Amino acid sequence: MVASMRSRICWATKFLLDSSVIMKPRELSGARNLLPAAAVGSQSHTCCHRLHTSTCRLQDTPENLLKYRYKSLGIDRWNPPDLDPTSIEEHPAVLEKVKEEMVSPDVGRLFAVVQVAGKQFKVTTEDLVLIQQEMFADPGERIRLEKVLLVGGNNFTLIGKPILSRDQVRIEATVIEKFMALPVVVYKFKKRKGYRKRRDHSQPCTVLRINSIEVAPNLN
Amino acid sequence: MFLTLARYVRTPPPDRWWKRRYVFNNTWRFWGRHRNCYKIAIQSMQHAWRQAKKGRREKKRFVRGLWIERLKAASEEHGLPYEHLVVGLDMAQVQIDRKVLTHLAIYEPKTFKSIAEIARISYGEGLMAATGKQPEGVFTRIVRWE
């Protein structure tokens, strides 16, 4: 029972997230090469003709929730389709449950997947995060982490496409220290050519402490 | 008064002991003469630096392969091949990377299960839209009556 409920919740979460994509989707490496694999067993050698008919059929149906525009076997990833706002009403029961969970006082410990400095981290409260980048904030300042890809608790998960909006999650962190890492020797050498170079590289680092992760029941 | 020659005084070369100390500090763990003899130790030290530079790049590739292996195992547990997982998540515009997905698969099994469901559904829809056929065993949001 719990398992099916979880799957239904996740189905709903796919719908209930708004489509306000702030940043351009980042390309996943390797996925592009795998796309032809998605159509294995389905394509014929005269696939062009077949594809046209299928795309015509897609455009004809007005209640199409995902309006994919197919140029090839792949999906137009750079212009993601807008979610129909009416589609969210299909699963009101699940929405209710997720809202209840989020609003209740004993939400428990939440975890989130956050992207900072080009890397993703899975964080909870009271976590220390080492970021290999120099941040503009000084130690002691409070920061809000905005690129949140996922928020989860014991019984629910919110998954962003690709990120969750600012109304839904709030993650705050404090900058604890900023330092330069121990130097790493970068040594270049080519044999028999008299070519050798040496460089000492110490990466500036920042340590953040995650103070709080809050989830708001303000779903679109 | 002519001062240029006086100003061309060279700084003294570094003390020999310190120069060797630096090398031996880097090579104290090496084998035999590579640890004690300066002429040999210098070369091992530089060799070690070259290998470290190469290794830093290979480590990233290796670790990524490890993530993929783990995701293969994790998605097979949910009855989903790894390719379907990755392509399905890409179609669903979920951009969680493999490192975090592996961590979720190990430590947050419920969340990973829902992610696998999302991937399965969107993969099925993608197949259906590309081929016009409804895949077996999957109930997608777009239902066609043929």
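From a predicted model like this one, the values you see are computed outputs, not experimental measurements. (Residues numbered from 1 in each chain as written. Chains lettered and ligands numbered in written order. Predicted model: local features only at pLDDT ≥ 70, side-chain atom pairs only at ≥ 80, totals over all residues. Heavy atoms only, no water.)

Q: Can you tell me about the overall build of chain A, naming the residues and giving the values?
A: Each helix and strand counted, chain A has four helices and ten strands in total. The order of helices and strands in chain A, counted from the N terminus, is α-α-α-α-β-β-β-β-β-β-β-β-β-β. Taking all contacts inside chain A whose residues are at least 6 apart in sequence as the whole, residues at least 24 apart take part in 68%. Total accessible area on chain A stands at roughly 12800 Å², and carbon and sulfur atoms take up 53% of it. (Helix = DSSP H or I, 4+ residues; strand = E, 2+ residues; numbered from the N terminus. Contact = heavy atoms within 4.5 Å. Areas by Shrake-Rupley, 256 points an atom, 1.4 Å probe, with all protein chains shown as cover.)

Q: Which residues make up the pairing of strand S9 (residues 195–201) of chain A, and what values go with them?
A: Residue and element names in this part refer to chain A. In terms of strand pairing, strand S8 (residues 184–190) meets S9 through seven bridges, oriented antiparallel. From the neighbouring strand, Lys-188 faces S9, where its bridge partner is Lys-197. A loop of four residues connects S8 with S9, the two strands running antiparallel in sequence, and Arg-192 in this loop sits at a positive phi of about 65 degrees. (Pairing = 2+ DSSP bridges.)

Q: Which residues make up the nonpolar core, and what values go with them?
A: Residue and element names in this part refer to chain A. Core analysis: the biggest nonpolar cluster contains 29 residues, and Leu-145, Val-148, Ile-171, Leu-208 and Ile-210 have the highest contact counts within it. Elements supplying a minimum of two residues to this core: helix H4 (92–103), strand S1 (111–116), strand S2 (119–124), strand S3 (128–131), strand S4 (142–145), strand S5 (148–152), strand S7 (169–180) and strand S10 (204–215). Other than its neighbours up to four places away in sequence, Leu-145 contacts Val-114, Val-116, Ile-171, Ala-173, Leu-208 and Ile-210. (Core = buried A, V, L, I, M, F, W, Y, C linked by side-chain atoms within 4.5 Å. Buried < 20%, exposed > 50% of the residue type's maximum accessible area, 1.4 Å probe, protein only.)

Q: Give a detailed account of the pairing of S7(A), specifying residues and quantitative values.
A: Along a regular strand, successive side chains alternate from one face of the sheet to the other. Residue and element names in this part refer to chain A. Taken together, the four bridges between S4 and S7 define a ladder with antiparallel strand orientation. In the sheet register, Ile-143 faces S7, and the bridge partner there is Ala-173. Pairing between S7 and S10: eleven bridges, direction antiparallel. Within S10, the residue paired with Phe-179 across the bridge is Cys-205.

Q: Residues and numbers for the confidence of the model for chain B, please.
A: Put simply, chain B has an average pLDDT of 86, and 82% of its residues get 70 or more. The weakest mean pLDDT in chain B belongs to helix H1 (residues 4–7) of chain B at 65; the strongest belongs to helix H4 (residues 38–77) of chain B at 96. (pLDDT = per-residue confidence, 0-100.)

Q: Tell me what's going on with a positive patch on the surface, and back it up with residues and numbers.
A: A surface patch of positive charge is lined by Lys119(A), Arg57(B), Lys59(B), Lys60(B) and Arg61(B). Among the elements that line the positive patch, the one with the most residues is H4(B), at four residues. Counting through the fold element by element, Lys119(A) comes out in strand S2. Judged by relative accessible area, which is 43%, Lys119(A) ranks as partly exposed. (Patch = residues over 30% accessible without salt bridge, like charges linked within 9 Å, V, L, I, M, F, W, Y side chains within 5 Å. Salt bridge = Lys/Arg side-chain N within 4 Å of Asp/Glu carboxyl O. Lys, Arg positive; Asp, Glu negative; His and termini not counted. Charge placed at Lys NZ, Arg CZ, Asp CG, Glu CD.)

Q: Any details on the sheet that holds S3(A)? Residues and values, ideally.
A: All names here are of chain A. Spatial strand order, S3-S10-S7-S4: four strands in an open sheet with antiparallel pairing. Edge strands, defined here as strands with exactly one partner in the open sheet, are S3 and S4. Within the sheet, the average angular offset between the axes of one strand and its neighbour, ignoring direction, is 40 degrees. (Axes fitted to C-alpha atoms, helices over the stretch in contact; angles between N-to-C directions.)

Q: Describe in detail unusual backbone geometry, supporting the description with residues and values.
A: All names here are of chain A. For the bond from Lys-161 to Pro-162, the omega torsion is -15 degrees, close enough to zero to count as cis. Within the element layout of this structure, Pro-162 appears in the loop between strand S6 (157–159) and S7. Even without glycine at this site, Ala-117 takes up a positive phi of about 55 degrees. Within the element layout of this structure, Ala-117 appears in the loop between S1 and S2.

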